[in-house]
Amino acid sequence: MKEYLKIFKKYPPSILDELISVCPFYKPCWRGSTIYKTIHDFARNRIAAKLLAEGYSIEIERRIEFGRIDILVGLNGKSLAIVEVKTGDVKLLQVAAYSTIMQLPALIAELKTGNVIVLSLEKSIKLLDELIKHLRDIERLKEKGVRITGSECYRCGSECENRRNRSGSLSLNTLNALNNIECVFDQLIEKLREIVKNE
C-alpha cells in the first residue's frame, strides 16, 4: 500500500489512466467540458436516489484522500462497495485506486454500454501493480531521452514537436447514456445482493 500512496501523491487517481502512454515525456492535460459533468451528476444522483429507495445507505461524492468517490454504498451500518458512475470512458485505474484506498470492491456503472462491471479489491491491486511496473519501464525510456509519437499527443501538455491540438466540437451524444440508468440500476442491485450474500 505504501508504494501506491507514493504514486497517488505524485499523480491523483483521476489522471492515473493517462499514465499508460508509452512516451516518457507525456504530460496529462485534460481539456474536457463541464457539459459532461451535468450529465454525470444527473446519472449519479438518480442512481443514488434509487439505492436509497431500496434501503441502502449512501454517501454521494465521498471525499477520500486523493479524490472523491461517486457513491459509497452501505447496509446496516457497514460499507459494502463503491459505485463509480461513468457516462463516457471508464478510468479503470482511477476506480482501482479508490477501491484500494477504501479496501472495498468497486461497481462501475458504465452508462454508455448499460453494463455494470465488478472490480474486486484483488483485481484493483493487480491493476495498480501493473501501473507501477509500467511507470518503471517509462522512467528507463525517459532516462534515454526516447520520445514516442502516438494518439496521446492530442492530450499531451508537454512542449514537444509531436504535440498536436485537438479540433472538433462538443456533442451532447453523452445524453444517450441516461437512457441506460434503469438497466444499470437493476444490475447494481443484483451485484450488491451478491456482495451481501457472500459476506
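As a reminder, the structure under discussion sits directly above these lines.
In this text, all values refer to a predicted model and were calculated from it rather than measured experimentally.

Asker: I keep staring at the overall build of the protein and nothing clicks. Help me out?
Answerer: Counting secondary structure elements, the protein contains five helices and five strands. Secondary structure elements in the protein, listed N-terminal to C-terminal, are α-α-β-β-β-α-β-β-α-α. Scored against the burial criterion, the 199 residues of the protein give a buried share of 42%. Considering only contacts within the protein whose residues lie at least 6 apart along the sequence, 63% involve residues at least 24 apart.

Asker: How do you make sense of the pattern of salt bridges when you look at a structure like this?
Answerer: Pairing between side chains becomes possible if they bear opposite charge and their charged atoms approach one another. According to the stated counting rule, one finds 12 salt bridges in the structure shown. Asp89 serves as the salt-bridge partner of Lys112, at 3.3 Å between the closest nitrogen and oxygen. Of the two residues, Lys112 is situated in the loop between β4 (106–110) and β5 (115–119) and Asp89 in the loop between β3 (78–86) and α3 (92–102); the sequence distance between them amounts to 23 residues. Among the ionic pairs, Glu130 bridges to Lys133, the shortest N-O distance being 3.2 Å. Taken as a pair, Glu130 and Lys133 lie in helix α4 (residues 121–143) at a separation of three residues, close to a single helical turn. The class for Glu130 is partly exposed, based on a relative accessible area of 34%. Through salt bridges with shared partners, one network takes in Asp41, Arg44 and Glu61.

Asker: What is the right way to read the environment of Ile7 from this model?
Answerer: Residue position: Ile7 is located in helix α1 (residues 2–10). On the basis of relative accessibility, which here comes to 12%, the residue Ile7 falls in the buried class. Linking Ile7 and Ile132, residues 125 residues apart in sequence, is a C-alpha distance of 8.2 Å. Among residues more than four places away in sequence, those in contact with Ile7 are Leu16, Leu131, Ile132 and Leu135.

Asker: In this structure, what is going on with the sheet that holds β3? I would like to understand it.
Answerer: One key point about sheets: their strands pair by backbone hydrogen bonds, in either a parallel or an antiparallel sense. Strand order in this open sheet of five strands is β1-β2-β3-β4-β5, and the pairing throughout is mixed. Two strands lie at the open edges of the sheet, namely β1 (57–64) and β5, each paired on one side alone. This sheet shows a mean twist of 30° between the axes of neighbouring strands, independent of strand direction. As paired elements, β4 and β5 share five bridges and run antiparallel to each other.

Asker: What exactly am I supposed to notice about the side chain of Glu84 here?
Answerer: Inspection of the secondary structure puts Glu84 in strand β3. From its side chain, Glu84 meets the backbone nitrogen of Asp70 in a polar contact 2.9 Å long. With residues near it in sequence (within four places) discarded, Glu84 still touches Arg68, Ile69, Asp70, Val95, Tyr98, Leu107, Ile108 and Ala109.

Parameters at a glance
Residues numbered from 1 in each chain as written. Predicted model: local features only at pLDDT ≥ 70, side-chain atom pairs only at ≥ 80, totals over all residues. Heavy atoms only, no water. Helix = DSSP H or I, 4+ residues; strand = E, 2+ residues; numbered from the N terminus. Buried < 20%, exposed > 50% of the residue type's maximum accessible area, 1.4 Å probe, protein only. Contact = heavy atoms within 4.5 Å. Salt bridge = Lys/Arg side-chain N within 4 Å of Asp/Glu carboxyl O. Pairing = 2+ DSSP bridges. Axes fitted to C-alpha atoms, helices over the stretch in contact; angles between N-to-C directions. Polar contact = N/O pair within 3.5 Å; in protein donor to acceptor, adjacent residues only side chain to side chain.

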